[in-house]
Every structure is written in structure tokens, then in C-alpha cells.
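Observations on the three-dimensional arrangement
What follows is each chain in one-letter form.
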Amino acid sequence: MSAEIIDAAVAHHADWPAPGTKIQKMSEIDLPRKSSGTEWWYYNFHLSLVDGRKASAFIAFFRTASLKPPTSPISPPKDGPGCDGQPPVEYELCHTHLLNFAISILPADQTEEPSPSSSMPQSGAAEDAPKGQYFFTSAMDSDNAAFMCSMLEVETRMDPLILQSILEIMREKKIPEPDTLIPGDVLVSEKGVLDLQYGDLASVVCKTNSEGDDVYHIVARAVDGSYGFELDLTPRKPPINHGANGVVQGDLVSPEDGMYYCFVPRCEVSGSVLIDNASIEVDSSNSMGWYDREFGGGIRKWYQASASTTESSWTWASAQLSNGWDLTIYTLWDVDIYSGESVIRDKRAIAIPADGTRIECDEHSLDRVETWTSMLTLNEYGTKWALAVPQLDIQLSLEAPFVKQEFRTMCAGRGYWEGRVTVTGTMEGKSVEGFGFVEIVPPQFVTKFDQYLKRISALTAVEVSKIYPDYLIDAEHAMNVLAFQSPSDPANPEPDTLSPLRFTQDMCLDTLYKHFFAPVRHLTDRGGKSWRSFLTVACIAVFGADPERFRPLLAAAELLHTGSLIIDDIQDQSPMRRGVDSVHTIWGTATAINAGTAAYFAFETAMRSMSRHTRPEQTVRLYELFFETMRAAHAGQALDIAGQQRSDLDDILAGRVHPSILEKRVIAVHRLKTAIVAANLAKMSANIAEASSAQINALSTHLERVGIAFQIIDDVYDIRGWSHVGNTEGLSVKKPVLKRRGDDIRSGKISIPIAKAGSMMPLDEAQWVWETVLSKPGNDDVTTQKVIDKLEAYGIVDECVKEAHKMVDDSWLDLEPHLKDNPFKIYLRTLGWYLVKYNSI
């Protein structure tokens, strides 16, 4: 977008520097601006430490102005004249504050480690190599937390289940970890020199040295005091305006939303860094810094709902080069929160040579070369980029020395990536190198929980393809995929003289693939909800552990489930699964049985790559839980295949037992086939996270109840149908039929609604329902519909829904005290609700 368009769209506030003004020193614009809805002071540093290590750090002090009603932050005010006869609300100006800082540390024996490509497996020796460390703190004052809560109270675009889960925490005046409240008072100087005091955590004060230079003394300390820094930053290039005449586009809800943006691209740095409670001096001769100042934007009211259908996303990069040049690049997008479509709002590149002049470059590109998806936020980030500025003949590669430089905070949705990058390439044909920072805020607003689960589904598909690949390359590849290479046995160090290649060298690999791998991929490629895979991540992270090294669990859970679906469809004679023909209808029953049961062994394949990250007793426990799960599932399958025995029905009809026995029999099957799978996946992950026994028991109990409730709702959907009409932007959209209505009735299966007939309708009518179902009406649509109508007429299906919801809510009350307030607590709560309220597959 041209400078003229920006100037026309953005109002220039009276307390901003006049258009075209050349700022001589940053101290001219350091102080807060009364007109600003949002402003920040941002500093980053590339540091050489005297112990030989390399480090980078950044810190951002945020200040937001808002209009706060003189009411409780729990209930929205009734605004406007004449509302219930009350006078209009008088708002008062409120400033809230947020602090973000982080430190990236490279190991002493490692200069820069290339980031792994997302398309390559992150396993083996490379994964065990030393990686960088990333420490970060996100803290806010209580007014900022209350302001956020007020916005959530009137939010209408976010998934209502996620929203309700967040509000359960924030209405208690708490905030989810890793965000924390700033201990101590926040003080911001309005006059004189810059002086920001963000409680006991951070401060920045501008002083003047003997040479007349501005020196910014910046201090940051973690809440526990274990990491931080104390640094002096002295600008060594003049301030540079970014954007068009110093103005960049804000959200542009109104012309007041523009932002004034000025920066110093190169500064001297001295001081010390605190790492693991040890202070290390900075080698100032090999260190440098950066200072950004930005202010503007409109001032929002508390409880002011946003009607916008877009969210902001951006990539910002800086590069400080060995030839004395500095670069900064940003691209701002507006992303549709419903469709995901994006439009560039603003884009800019500025180059600053050694003499401190400003060169704006219209043509430039910053393209992602490699990516990484965080297991903690499910956000995808670039980790390597190609930067081209044709005007200056610049071709650069920006690469993260390690990928895990994610800053997690609820204030950005789930998080953003901001970290150190190594810069290499050419400028005017000459080699150049340097360091930089990249900040990525991806689109992450969730209007439907399905959107969030799709991120897990995509990650799961990647992990599945490692165990069930797209094709078999050769005999050695088949040997590795089938895990015919036995792990080494410490008790028997003698090598195995028999080559495992003998298993696959004479195989017809095409035949093996078509009859072993393809049937399973037929279903996994359809992409289910992958909520069982999600549990493996959530139940590690909810206890504060990092699930990164346990990505193979995603595939293990999905393949275990897929194998059971293949077998279930044979048993139920279901012609469709996930909107396509079921496996046995394509490959035949024999191949389907073999492929389905073989998928169960994917767990052991996954364990081979994970066991080096667990203690021996943990590994043993994981295997115990897996085999318990398999025994339970097969016991449940045996009962399911047998169906409800005629003797139970006869005893009920004769009055010898209570009709509820039939329902208990069905629940027992649901527990074995579905609920214990969910509960034991949770136990495995909690074991990996080294949760306490009380935590593990509470979590697995809840998820067992969720699993039973999910299966009850699954029975309900069988009665009420597996396709439904959705509404997309006012248009009625027919969704595909995923499974026939009434399949349980047609195949003679006593589900929960059918079992409950004995307790909720006259016994003679219940007898008719049972006898009709046991007769297996098959394709008789009329008879199937009569059974459905009778169940609905007596309110049985509604009662099943009610009981499932209560089951989830009651068990959560027992689990909740055992969990810390963090995002995965929110998502586990949401998942329970989701599975009983919106389950459709």
C-alpha cells in the first residue's frame, strides 16, 4: 500500500511528532502519549557472554489505555440513556500494563545449530544433541487481567465452549499459566525522562552519560529470580521512522487506529545476564542491541464487543549485518477468523547503512523455507526464511539456531514466536553475515473447537505417515517401517548374526503395501477428530511437561483407534466410515481383520523412538497400560459381538431383575471398548509428565467418564442421524452423510437408548422395541424408524443426552482441584463438553 493511501486512512494525533519530523534522539519520544490506546517500549539484544556462550534477549513493556465503567468487572454495565431507566454510564480512563521478556541461550560448545525441517523426523542422535534454552516471562497487572475478562464476557465470535472454560478461571480473578500477575506496583513516568517500573520484575530508566548520550538501564527478573538480565543500551545510530512518515496501519477500525513507529537499529550493550541463578558478564565489544518505540491506536471501552471478522497476523524481522548495515522488514495481514483467508494490510522494508540514513525498499520478500509446529500451542511458525531485497541486491538466509523459541501467552491468543536468527548471504555480490530477531504472530483465533482439533489432526497425519508411509521404497525401508530391527539388549551385548533384512528382501512390496498399509491409510487419510491423539498431548502438558519428544504418541493413539474402527465396521456390517466405503467393503473381511489388528502394534513402534526419553520404570508402566488397554478393549469387543443375552431380557420381562441391568451391561461394554482407552492414554501421558498418583487417578477417572459419555452420545447420534444442517454465513449447508441412521437398530445391537427403554416405557412396549431390534431389521427403513419414533416419544433420547452431560460435569468437579490453571486445563475442560455436545463422528 502506498504512503499516500496510508496518510489518507490514518489520523495523525496532536501529541505525535509532526509528519516529516526527524527525531534526533529517542528520548524525544520516550514518554507516554495521552492519545494512545496502546503503546510499547521494545528492546532486543545479541550478546556474547564471557563464558563463551552466545545469548539473545528481548523485552517489551506494554501500556494500554481503556475506558472502565465504575462497576464490578464481573457484570457488563447497562450502557446508554434510558436503559432500565438508568442514566448512561460514566467511564473513567484506566491504564493497564503487560510485560514480555525472553532469553535465548546457545550452548557453549555450539555456535549456531541449523533448525530441523518440519518435513523430517526429529529423532535419533540429532534430537539428543544439546539444544538451546529459551526462558520467558509474561506478566500483567490485575487491571489488565480484568480488562481481558471484560472483553471475554461480551465475546461472541469465539467457540462458546472454549470461552466458557476460560471464563471459569478468569471470573475467579485468576489467569492461566504461563501468564502471571506482576508482583508489586507498576509506575510509569509521565514527565521528565523515561522511567518504567513494572513491579518487581522489570524496569527501564533513561539516563545521560558523561558524553551526553542517552543510556537505557534495563532490568528484568523472572518471578522466581532464576533468570533475567541487567543491561545498559546506548544508541549508536540515529532514530529511524518506520512505515510511511513514521506511521503504520493499526487495525483500522477507525482512522484513530494508526500507530507511530520509530526505532534505533544499532546500540551498544553492556551488563550481565542471569542464567540458572548465575550471573554472567556480557562481552560488550561483541554485543549489540535494538530499540523500537511504537504508540497509537484507539482507546477501547471495557465490555466493548468486537464485531470484526478478521484478526491481525504479522511477521517482523530485524538483521544487523557485519558490514554495518541494518535491515527491518514487516508484513501485516488481516486474516478472516472463519475462512482463514488473508489479505496484506501493510508491508514495509527499511535498510539503514553505516551512516544511519534511511532507505525504503518497495520490492522485497521474506519467504518461509522451513517450519515448525509447537506441540504446546499447535501454532505453526517459520524457522528459516529467504529474504530478498532486489533494490540493494540483497539475498539473505535467516535461520533459527534452535526452533523452540516460542513465547506462550494468552494475550496473543496462545502464543507467538520471537527469537534469535543467524543471518548469512550476499549483498551486492559480497558475502555478509550477522544476527537478527524474528517475531511471528500467526492467526490463531478459534471460532470452533473443531478448528483447534484440526491442528492436532494435521500433526497426527505427519506422525502416522512415519509408521504407515505413503509407499515402500525398498526392502530396507520396509524393514525399518515394520520395525524388524530389534532394539539392542544391554543384557546380551553379542550382536544378532541374522540380518532382519531377510524378512523383507524377497517380498513383493506393492502387494504388502496394498493389503497391509493402504487399508489403514484409507481411513486415517480421511482425518477424524483425533481427540484421542489430542489427549496424549494435553495430559502431558497440563502437568507442565513438554510433549515435544513424544510426538509418536499421536500416531500410536490414532492407529489404535483406526484399527478398532476397521474391526467394528466388520462386526456391525457398516458400509461407510468417515464418509467413505468402510475397509472391509473394499478389501474384504479377511484383509480388513488383518490390517485392523496389525494397526494395534503401532504403539510398540512409537515406543521404540520414545523410550530413550523415559526412565526404565516409566517405560515398563507404559507397556503395562497399553496391554491393559488392549485386553480391556478385546474383552469389550467380545461382549459387543455377543450382544445382549436373551436370558437377561427374559429375567427382566419375568420381573426377576430390574430393567436397569440391561443399561449396566451396555455401559460395561462402553467402558471397556472406549472409556478405558481414553483413561489409559491419559494415564500414559500423566506418567510421562511424572504427575502424582492423586493427579493420575483424578484425571483418568474423569476421562473414563468422558469416554462413557462420549459413547452414550455416539449411541444418540446413531438414533438421530449422522448428517446435519449447518449454517455458514447465513447459508444452509448440507453436510455429508457419514454413517447410516439407525445402524445399531438395523444390526440388532442394544445401545444405551434401547437399553433404557425398560426403565422409561411400559414393559410391553419395551419388549416390542427389544424384540424388533434383536430381529435385525437391516435395510427395513420403516421398522427402524418406528423404533426411533417410540424412543423419542418417551423422551429416552433426551434423557441419554442429559445423563451424558451430567457425567462429564460431575467428574470435572473432582478433577479440577488437581490441575493448575493453564491452557491445557482449559482445553481438557472444553474437550469434555465438546464430546457430549457436538460429537458427530
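Everything here concerns the structure above.
Conventions and cut-offs
- Residues numbered from 1 in each chain as written.
- Predicted model: local features only at pLDDT ≥ 70, side-chain atom pairs only at ≥ 80, totals over all residues.
- Heavy atoms only, no water.
- Helix = DSSP H or I, 4+ residues; strand = E, 2+ residues; numbered from the N terminus.
- Buried < 20%, exposed > 50% of the residue type's maximum accessible area, 1.4 Å probe, protein only.
- Contact = heavy atoms within 4.5 Å.
- Areas by Shrake-Rupley, 256 points an atom, 1.4 Å probe, with all protein chains shown as cover.
- Expected span 1.5 Å × (residues − 1).
- Salt bridge = Lys/Arg side-chain N within 4 Å of Asp/Glu carboxyl O.
- Polar contact = N/O pair within 3.5 Å; in protein donor to acceptor, adjacent residues only side chain to side chain.
- 1 Å grid on protein atoms, 1.4 Å probe; cavity = no way out; pocket = protein on both sides within 12 Å on 5 of 7 lines; lining within 4 Å.
- Points joined across faces, edges and corners; volume = space filled by probe spheres on them.
- Nonpolar A, V, L, I, M, F, W, Y, C, P; charged D, E, K, R; others polar.
- Domains from an automatic or database assignment.

Side note on the overall build of the protein chain
A count of helices and strands for the protein chain gives 23 helices and 30 strands. A buried classification covers 55% of the 841 residues belonging to the protein chain. Long-range pairs, those at least 24 residues apart, make up 70% of the contacts in the protein chain with a sequence separation of at least 6. By element, 53% of the accessible surface of the protein chain is carried by carbon and sulfur atoms, the whole surface being about 35,200 Å².

Describing helix 3 (residues 142-153)
Relative to the 16 Å expected for 12 residues at 1.5 Å per residue, helix 3 spans 16 Å between its end C-alpha atoms, a close match to the ideal helical length. Of all 12 residues in helix 3, 10 are buried, a share of seventy percent or more. Buried residues of helix 3: Asn 144, Ala 145, Ala 146, Phe 147, Met 148, Cys 149, Ser 150, Met 151, Leu 152 and Glu 153, and no others. Those residues of helix 3 that are buried lie in contact with strand 2 (54-68), strand 3 (92-105), strand 4 (133-140), helix 4 (160-170), strand 5 (179-181) and strand 16 (300-301).

Quick notes on the pattern of salt bridges
In this structure the tally under the stated criterion is 46 salt bridges. Notably, a salt bridge pairs Glu 617 with Arg 615, separated by 2.3 Å at the nearest N-O pair. Classification of Arg 615 as partly exposed rests on a relative accessible area of 35%. For Asp 640, the salt bridge identified is with Lys 749, shortest N-O distance 3.5 Å. A residue pair is termed long-range when its members are at least 10 positions apart, and Asp 640 in helix 13 (residues 616-642) and Lys 749 in the loop between helix 17 (743-746) and helix 18 (752-755) qualify at 109 residues. Pair check on accessibility: Asp 640 and Lys 749 agree, each one buried.

As for the side chain of Glu 548
Here Glu 548 lies in the loop between helix 8 (531-541) and helix 9 (552-572). For Glu 548, a relative accessible area of 11% puts it in the buried group. A distance of 2.9 Å separates a polar atom in the side chain of Glu 548 from a polar atom in the side chain of Arg 551.

Comments concerning empty space enclosed by the protein
Evaluated as defined, the whole model comprises 2 cavities of 30 Å³ or more. For the largest cavity, the full set of lining residues is Leu 553, Ala 556, Ala 557, Leu 560, Phe 603, Phe 626, Thr 629, Val 677, Asn 680, Leu 681 and Met 684. Those elements that place two or more of their residues in the lining of the largest cavity are helix 9, helix 13 and helix 15 (660-688). Among the residues making up the lining of the largest cavity, the classes are represented as 9 nonpolar, 2 polar and no charged. Domain assignment of the residues forming the lining of the largest cavity places at least three in each of domain 3 (457-485 + 501-567 + 577-613) and domain 4 (615-722 + 740-840). When its volume is computed, the second largest cavity comes out at roughly 30 Å³.

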